[in-house]
Amino acid sequence: RDLNNYSETSSFFVTWNHNQDRKARHNSDFSASVNAGSTNNFRNDLNASQSDYLTNTFRSSITYSQGFYDSPWTFTMQAGHEQNSQTGNYRFTLPDIAINRARTMPLEGLFNNNPKQQFYEKLGLTYSANFRNTLSVNDTLLALNNWPELQKEFINGVRHNAALSLPLNAGPLTITPSFSYSERWYLKTYGRVINEDTNLFEEDTINGIDRNYNYNFSTSVSTKLYGMYSFRSGKVKAIRHTLTPSLSYRINPDFDPNVYGFYGQNGNLGSYSPYAG
């Protein structure tokens, strides 16, 4: 302690593995696999195993999922991390929330009291929503007193996906038109602002909700052809074969999110994406 180069460091490491018995709760599940701690922990710990000492990357994942009786909805929440003991880089995912709706037929039983199913009752709907918040940071900046700066590095948003499909029978053919829609919500976007000192355009962070979307149409046609090849002798009497030809096409309109303008010292035409990264 009397030496001029004396210093103290604190390190820790947490290892936690948990798996819930499926018989405990039939409609929910909880699992955890945690390997997280100080970057230099196993280098300073004389009791570290060889495998831990030589491992460069550690990962963690904690997952909770919930289903609901007689309901197509499911809920999943995750948290995770990844760290590199050589570079000191961390990547956190906290949280990752997903809501899913299994395929249901919302028009089933509508305007129809007959036991025979009408064609429009076969219309199927699926939906999912996902919120994710991530943070990539080096361990030199990972501190509670640096929280205001860490908040600026969050990358987050919400993605919605919905799809409709309607299988139709036309004689031996099955025709299935489909429609898919995807929408993304961003909690921050990026713009361009000119620096008056350098007369150059620089990236500007814009806080606030922004959205973009895309959709597509598709149709598939399929049928089944059956055949039988018989043998006159031998133990094998016949071979039955099935042929399933199908034809499909997709219309995917182009939704260009880029912003176009004249940028740079020479005012050349260029573009950038507000949602880059």
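Residues numbered from 1 in each chain as written. Predicted model: local features only at pLDDT ≥ 70, side-chain atom pairs only at ≥ 80, totals over all residues. Heavy atoms only, no water.

Draft legend 1. Main features of the overall build of the protein chain. The helix and strand tally for the protein chain stands at 3 helices and 15 strands. Computed over C-alpha atoms, the radius of gyration of the protein chain comes to 29 Å, more than 25% over the 19 Å expected from 2.2 N^0.38 for 277 residues, which places it beyond the range of a compact globule. The proportion of buried residues among the 277 residues of the protein chain is 22%. The long-range share in the protein chain, meaning contacts at least 24 apart out of those at least 6 apart in sequence, stands at 54%. The protein chain carries 24 positive and 23 negative side-chain charges, and their two centres are separated by 21 Å. (Helix = DSSP H or I, 4+ residues; strand = E, 2+ residues; numbered from the N terminus. Rg over C-alpha atoms; globule rule 2.2 N^0.38 Å. Buried < 20%, exposed > 50% of the residue type's maximum accessible area, 1.4 Å probe, protein only. Contact = heavy atoms within 4.5 Å. Lys, Arg positive; Asp, Glu negative; His and termini not counted. Charge placed at Lys NZ, Arg CZ, Asp CG, Glu CD.)

Draft legend 2. Spatial organisation of a nonpolar patch on the surface. The grouping of Tyr 229, Phe 231, Val 236 and Ile 239 at the surface amounts to a nonpolar patch, some 370 Å² of accessible area in total. In this structure Val 236 comes out as partly exposed when scored by relative accessible area, which is 46%. (Patch = residues over 30% accessible without salt bridge, like charges linked within 9 Å, V, L, I, M, F, W, Y side chains within 5 Å. Areas by Shrake-Rupley, 256 points an atom, 1.4 Å probe, with all protein chains shown as cover. Salt bridge = Lys/Arg side-chain N within 4 Å of Asp/Glu carboxyl O.)

Draft legend 3. Local environment of the pairing of strand S4 (residues 73-84). Both strand S3 (residues 57-67) and S4 contribute to a ladder of 11 bridges, which runs antiparallel. In the strand pairing of S4, Arg 59 is matched with Glu 82. Linking two consecutive strands that pair antiparallel, namely S3 and S4, is a turn of 5 residues; a positive phi of about 55° is found at Asp 70 within it. Pairing between S4 and strand S5 (residues 89-104): 10 bridges, direction antiparallel. Directly across from His 81, in S5, lies its bridge partner Phe 92. Connecting the antiparallel pair S4 and S5 is a turn made up of 4 residues, with Gly 88 showing a positive phi of about 75°. (Pairing = 2+ DSSP bridges.)

Draft legend 4. Spotlight on the pattern of salt bridges. Tallying each qualifying case throughout the model produces 5 salt bridges. For the salt bridge of Arg 1 with Glu 8, the shortest nitrogen-to-oxygen distance reads 3.4 Å. Across the pair, exposure class does not vary: Arg 1 and Glu 8 are exposed alike. The closest approach of N and O atoms between Arg 211 and Glu 183, which form a salt bridge, is 3.1 Å. Linking Arg 211 in strand S10 (residues 200-222) with Glu 183 in strand S9 (residues 173-195), this pair joins segments that are 28 residues apart in sequence. The partly exposed category is assigned to Arg 211, whose relative accessible area is 40%.

Draft legend 5. The layout of surface pockets, seen in detail. If you add up the space inside the largest pocket, you get close to 440 Å³. Residue classes in the lining of the largest pocket are distributed as 9 nonpolar, 5 polar and 5 charged. (1 Å grid on protein atoms, 1.4 Å probe; cavity = no way out; pocket = protein on both sides within 12 Å on 5 of 7 lines; lining within 4 Å. Points joined across faces, edges and corners; volume = space filled by probe spheres on them. Nonpolar A, V, L, I, M, F, W, Y, C, P; charged D, E, K, R; others polar.)

Draft legend 6. Representation of the packing of aromatic side chains in the model. Taken as a whole and assessed by the stated rule, the structure comprises 14 aromatic pairs. Relative to Tyr 215, the ring of Phe 179 lies with its centre 5.9 Å away and its plane at 40°, an arrangement referred to as tilted. Taken together, the positions of Phe 179 in strand S9 and Tyr 215 in strand S10 put the pair 36 residues apart, joining distant regions of the chain. On the basis of relative accessibility, which here comes to 27%, the residue Phe 179 falls in the partly exposed class. Residue Tyr 215 is classed as partly exposed on the basis of its relative accessible area of 25%. Ring centres 5.1 Å apart and planes at 85° place the aromatic pair Tyr 229 and Phe 231 in the edge-to-face group. A residue is classified by how much of its surface remains accessible, and Phe 231, at 33% relative accessible area, is partly exposed. Grouping aromatic residues by their ring pairs yields a cluster made of Phe 179, Tyr 181, Tyr 213, Tyr 215, Phe 217 and Phe 255. Looking at Arg 192, its charged tip hangs above the ring of Tyr 272, at a distance of 4.3 Å from the centre. (Phe/Tyr/Trp six-rings, centres within 6.5 Å; stacked < 30°, edge-to-face > 60°. Lys NZ or Arg CZ within 6 Å of the ring centre and 35° of its normal.)

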